[in-house]
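# Remarks on the overall topology
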Amino acid sequence: MASGLNMEQRGYERRRARGYLVGCVLAVLLWRVASAQIRYSVSEEVNEGTVVGNVAKDLGLDKSTLKDRKYRIVSSNADPLFHVNQNDGILYVSRKIDREEVCAQSSTCLINLKTVLENPLEVHYVRVEVLDINDHSPTFADEEQILEISESVLPGVRFPLQHARDPDGGPFSVQQYKLSPNDYFRLEVKDKGEDGKIPILVVQKSLDREAAGSHSLVLTALDGGKPPKSGDINIIVNVLDINDNAPVFTTDVYSVMLDENAPVGTTVIQVNATDSDEGPNGEVVYSFSSIVNRRLLNLFDIDPSTGKMTVKGLIDYEEKDRYEIEIQASDKGLAPLTSQKSVIIKIVDVNDNPPEIEVTSFSNSIPEDSRPGTTVALISVNDLDSGL
Ligand SMILES: *[C@@H]1O[C@H](CO)[C@@H](O)[C@H](O)[C@H]1NC(C)=O
């Protein structure tokens, strides 16, 4: 109160103050009632200038006095969301409201406005609820998530996936996840309440790197809008190899003809085995099986890396016309896997032996009157070669 007032004025002021106090109590009582009544709602993202409500009418204020009484919203915000027009007493939106910016993730977004009138001073509270619209789609932090899973994992093993975020609140936040259809994986969604939902990839069927070295999946997050908005992330699963495959010979039966006396170094046959594992698990080395007769090791050789079998010693048909040799292919895994196969070598006779004549019995002299047909000598001719 200003100083220098005379007694009469003071008395007036006192009475007025008393009246004001009563008014205040009444106002508080009324406000209690009124505060429950003056509540508006407006959707986020509406245009600037959208009408929120007719405050003057709803508070029972005389429109014509608003200007004189400087009706306004008291706000510390430099860039307020709402303003009242003193001419029509209507509450307007001052700028676009992003609910997620104003209220973050809370389920209801209420803004309390304090409006004041001067002469006499009146304070009225107005609550505006900002309604959420589904203005955001779920998004993942990355475009792609890469998982490395050993092919030895058993069905049922779980791998957490990246979760999506959606700034919208309540039903417009992320509600569900979907995984692109595939035979090897299924999706489980763990509901962590306030913290949202976590998608989990579950191995459903044994992974076989040799059947599929990697899997490309799409995880989709959906919010609860109608229609829902969605966001995707690519899930790449790389299957890590274990040594689960033995080398396999590309031919069922190895059978070959070889001339006897073939020069040392002659190629007999080239065997080939493949191993579908990766790296050392899939590198093949060839050798003779441990059960092969020592003697054969002097006749034949096999190149460990090419599988080429060559002649190493003298091949003599007359000594042996058919060989059956066990060879093996092993991979270079830590615990190598091995396959075995027989190579059948048929030796072709070449005409390398002259006929040999053997006189079994011989008569030194024969009588002059010997009859035709009389045996003179017994000779046998033998050739070590066969056939012609
Ligand atoms: C072995 O067989 C595989 C598959 O048939 C083939 O790709 C490869 O070239 C063969 N290797 C040789 C040395 O013949």
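Quick note: structure is the one above.
Notes on the structure follow. Model, not experiment: these values are computed from the prediction.

## Topic: the sheet that holds strand 16 (residues 254-259)
By definition, the strands of a sheet pair up through backbone hydrogen bonds, in either a parallel or an antiparallel sense. Strand order in the open sheet formed by four strands is 16-23-22-19, and the pairing between neighbours is mixed. Since the sheet does not close on itself, it has two edges, and those belong to strand 16 and strand 19 (284-288), each with one partner. Pairs of neighbouring strands in the sheet enclose a mean axial angle of 30°, with direction left out of account. Bridging between strand 22 (residues 322-331) and strand 23 (residues 338-348) involves nine bridges; their strand directions are antiparallel. Looking at strand 23, one finds that Ile327 is bridged to Lys341.

## Notes on the sheet that holds strand 2 (residues 51-54)
With respect to topology, three strands assemble into an open sheet ordered 2-5-4, the strand pairing being antiparallel. Edge positions in the sheet fall to strand 2 and strand 4 (82-84), since each has one partner strand and no second. Shown here is a sheet whose adjacent strand axes are inclined to one another by a mean of 20°, direction ignored. Here three bridges tie strand 4 to strand 5 (residues 90-93), and the two strands are oriented antiparallel to one another. Bridging across to strand 5, Phe82 finds its partner in Val93.

Conventions used here
- Residues numbered from 1 in each chain as written.
- Predicted model: local features only at pLDDT ≥ 70, side-chain atom pairs only at ≥ 80, totals over all residues.
- Heavy atoms only, no water.
- Pairing = 2+ DSSP bridges.
- Helix = DSSP H or I, 4+ residues; strand = E, 2+ residues; numbered from the N terminus.
- Axes fitted to C-alpha atoms, helices over the stretch in contact; angles between N-to-C directions.

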